[in-house]
Amino acid sequence: MNNRKLDGVRLVLLTLVWLYVGVLILAPIAGLVSGMFRDGVGAVLEVLSRPEVQSAFGLSLKIGLFVTAVHTVLGTLVAWVLVRHRFPGQGWLNALIDAPFAVSPVVVGYMLLLMFGRNGFLAPILEIFGWRVAFAVPGMVLATMFVTLPFMIRELIPVIQNLDRTQEQAASTLGATGWQTFWRVTFPAIRWGIIYGITLTFARALGEFGAILVVGGGVQGRTETATLFIYRSLDERQYVAAYSVAVVLGLFSMLLVMGADLLKRKQRS
Amino acid sequence: MKLTTRNTHRAGRFFILLALASLVLAACGGQAPEDASSPAGDTVTLTLAAYTTPREAYRVLIPIFQEQWLAQTGQTVIFEESYLGSGAQSRAVVEGFEADIVALSLEADVTRIVDAGLITHDWHSAPYSGIVSTSVVVFAVREGNPLGIEGWADLAQPGIEILTPNAKTSGGAMWNILSLYGAALRGHVEGVPADDPEAAHQFLLAVLRNVLVMDKGARESITNFEQGVGDVAITYENEALVGQQAGQTYEMVIPTSSILIENPVAIVDVYADEHGVREVAEAFLAFLFTPEAQAVFAQYGLRSVDPGVAEQTAAQYPALEDIFTIEFFGGWPAATADFFGETGIYTTTVLEVPSLP
């Protein structure tokens, strides 16, 4: 009796979960994929071979790789400092890291324009060196760095907190330098956190839209990423183009996240 | 220890996979922009910042001009194009988007660039006062016009769902509001007495109460309508015509009264001179006013400013019973302040509708 009741609950729960995920995630993806192939596979291949599409993917990847590389090194550093050191203003720093979660990406774009735009307060300095940040790739990189900042740090902080410090102490007792201790002892222990942080950061960077539209201006072939191309194609009623790029971009990001997830689970078992 | 080595291998393999996947995508993608420079090296780049709706016309116009310029001078022109809402585009240029030429929805957005000191010449001295195309405000309605929308008055009926872009970012939205209010003041809205600002205000309020979505730009607004949102989209005539050309099945209703939408083009002097492209920029601008280019605008839904082309395409673009220009409101500076300023008619009326941004 008790068992049957439990089974009923289980059934309801499972149905609910599948409905929830199905409606929210599977249905839109199914719609996207069917829209992508409505003119056949040839149309999709034609879209993906266009120079403008390839340059858009290229720019997305370049920004994503650069941003991820920087956050991998500096994000690890920040997480490390936040866990292992005690200093005045630590609480503030900790809270600041979450700011990108709270600020709308469009606002991030405008904030950068306030700094780097023609009337921005950094404009005189930029002019001296002839640097272009707003409406160019550097501005888009900065915008993406801003919105992806928390991912690596938030992923690593609990991992570092859970480290067994006796191993590090043993290493230094045995005469290892700080650097050696980090590479030989600490790094292997937090490696999985870093990999997971990398995939999240990279996936989020590829998906960024609002901030880079505002700060990049959406110039076709120059500051147009894959997401901005999707936006423009929808405006131009080129639905197959928009859907095809969306599916490729989404698939790539999902494979990244799922790959990391899978590895993490394997490593745990 | 053995476990650690295996994990290191796995991590290594994962990194290699990630790097490979990125490389593959970057290889199909990466190099296109860098290779764009022509081998002859005699190229010049023009940057065009435009509002969202004439893009189909520019897609045809730009290659024609590129060919002509190449034949005349042996120089290859590369175009960099950006299409955003007129207001957003104008602000981007002011903030440092270094466009050589702007093609915007309305004069006020050019004036913002003039005020920023970036356009230094009298752009009104160009042919046709720098106005490259015109249009009127129309309604896109569902196939068969099931709600029987014939004119402005019908938009105020309770329960009708309307799409119009956001006046803070879109020039088209400003035209829509001014057209609606002007038609009311001029006695072309059934049931709204002429020359009665309070009655016009009540009419504007009634229509705004029916607004369902305010998009960033005119194009986004009409494509949303195409996805099945709402009953009516207030839009440019050219937007509706281009949509129909693209196979959309909605119908277009032209009201008896509309403002004449005038779309300016201008060279942004400071940027064009900085880039050393004044000569080709001026040539492109002059080209836009040729009958050949004007015919292309007419083909993509815009009313031509060239009298000859306008006459040839008159059948496609019926005259309205009542058409008025921005001068009816005393010109753009006055209209901007009176309608869209902090205490403007639109600004205060929209606050009376809690559901709108």
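Since the model is a prediction, treat every value here as computed from it, not as a measurement. (Residues numbered from 1 in each chain as written. Chains lettered and ligands numbered in written order. Predicted model: local features only at pLDDT ≥ 70, side-chain atom pairs only at ≥ 80, totals over all residues. Heavy atoms only, no water.)

*Asks:* Mind showing me how you'd approach the packing of helix α7 (residues 218-226) of chain B against helix α8 (residues 237-245) of chain B here?
*Replies:* Helices that pack against each other are described as a pair by the angle of their axes relative to one another and the distance between those axes. Residue and element names in this part refer to chain B. Closest axis-to-axis distance for the α7/α8 pair is 11 Å, and the angle between their directions is 45°. Put simply, α7 runs oblique to α8. Remark: the crossing between α7 and α8 carries right-handed chirality. The residues of α8 that touch α7, namely those facing Ala-218, Arg-219, Ile-222 and Glu-226, are Glu-239, Val-242 and Gly-243. Looking at the contact of α7 with α8 residue by residue, the classes come out as 3 nonpolar, 1 polar and 3 charged. (Axes fitted to C-alpha atoms, helices over the stretch in contact; angles between N-to-C directions. Helix = DSSP H or I, 4+ residues; strand = E, 2+ residues; numbered from the N terminus. Parallel < 35°, antiparallel > 145°, perpendicular 65-115°, else oblique. Left-handed = near helix turned anticlockwise from the far one by under 90°. Contact = heavy atoms within 4.5 Å. Nonpolar A, V, L, I, M, F, W, Y, C, P; charged D, E, K, R; others polar.)

*Asks:* Looking at this structure, I do not really get the interface of chain A and chain B. What am I missing?
*Replies:* How large an interface is tends to be reported as the accessible area lost when its parts come together. With 41 residues of chain A in contact, the opposing surface of chain B contributes 50 residues. Summing both partners gives a buried area of about 3800 Å² for chain A against chain B, and 59% of it is carried by carbon and sulfur. The largest contributions to the chain A side of the interface with chain B come from A:Arg118, A:Asp235 and A:Arg237, which together make up 19% of the buried area. One can count 6 salt bridges joining chain A with chain B. Taking the shortest distance from any N to any O, the salt bridge between A:Glu236 and B:Arg59 comes out at 3.1 Å. Counting every contact that joins chain A to chain B gives 14 residue pairs in polar contact (both at pLDDT 80 or more). (Buried area = accessible area lost by both parts, 1.4 Å probe. Salt bridge = Lys/Arg side-chain N within 4 Å of Asp/Glu carboxyl O. Polar contact = N/O pair within 3.5 Å; in protein donor to acceptor, adjacent residues only side chain to side chain.)

*Asks:* Hey, could you run me through the packing of aromatic side chains in this one?
*Replies:* Aromatic rings considered in pairs are described by the distance between their centres and by the relative angle of their planes. Residues and elements named next belong to chain B. Applying the stated criterion across every chain, the model contains 31 aromatic pairs over all chains. With centroids separated by 6.3 Å and ring planes inclined at 75°, the aromatic side chains of Phe-324 and Phe-329 adopt a geometry described as edge-to-face. Considered together, Phe-324 and Phe-329 belong to a single accessibility category, that of buried residues. Through a chain of ring-to-ring contacts, three or more aromatic side chains come together here, namely Tyr-181, Phe-324, Phe-328, Phe-329, Phe-339, Phe-340 and Tyr-346. Over the aromatic face of Phe-225 sits the side chain of Arg-142, whose NZ or CZ is 3.8 Å from the ring centroid. (Phe/Tyr/Trp six-rings, centres within 6.5 Å; stacked < 30°, edge-to-face > 60°. Buried < 20%, exposed > 50% of the residue type's maximum accessible area, 1.4 Å probe, protein only. Lys NZ or Arg CZ within 6 Å of the ring centre and 35° of its normal.)

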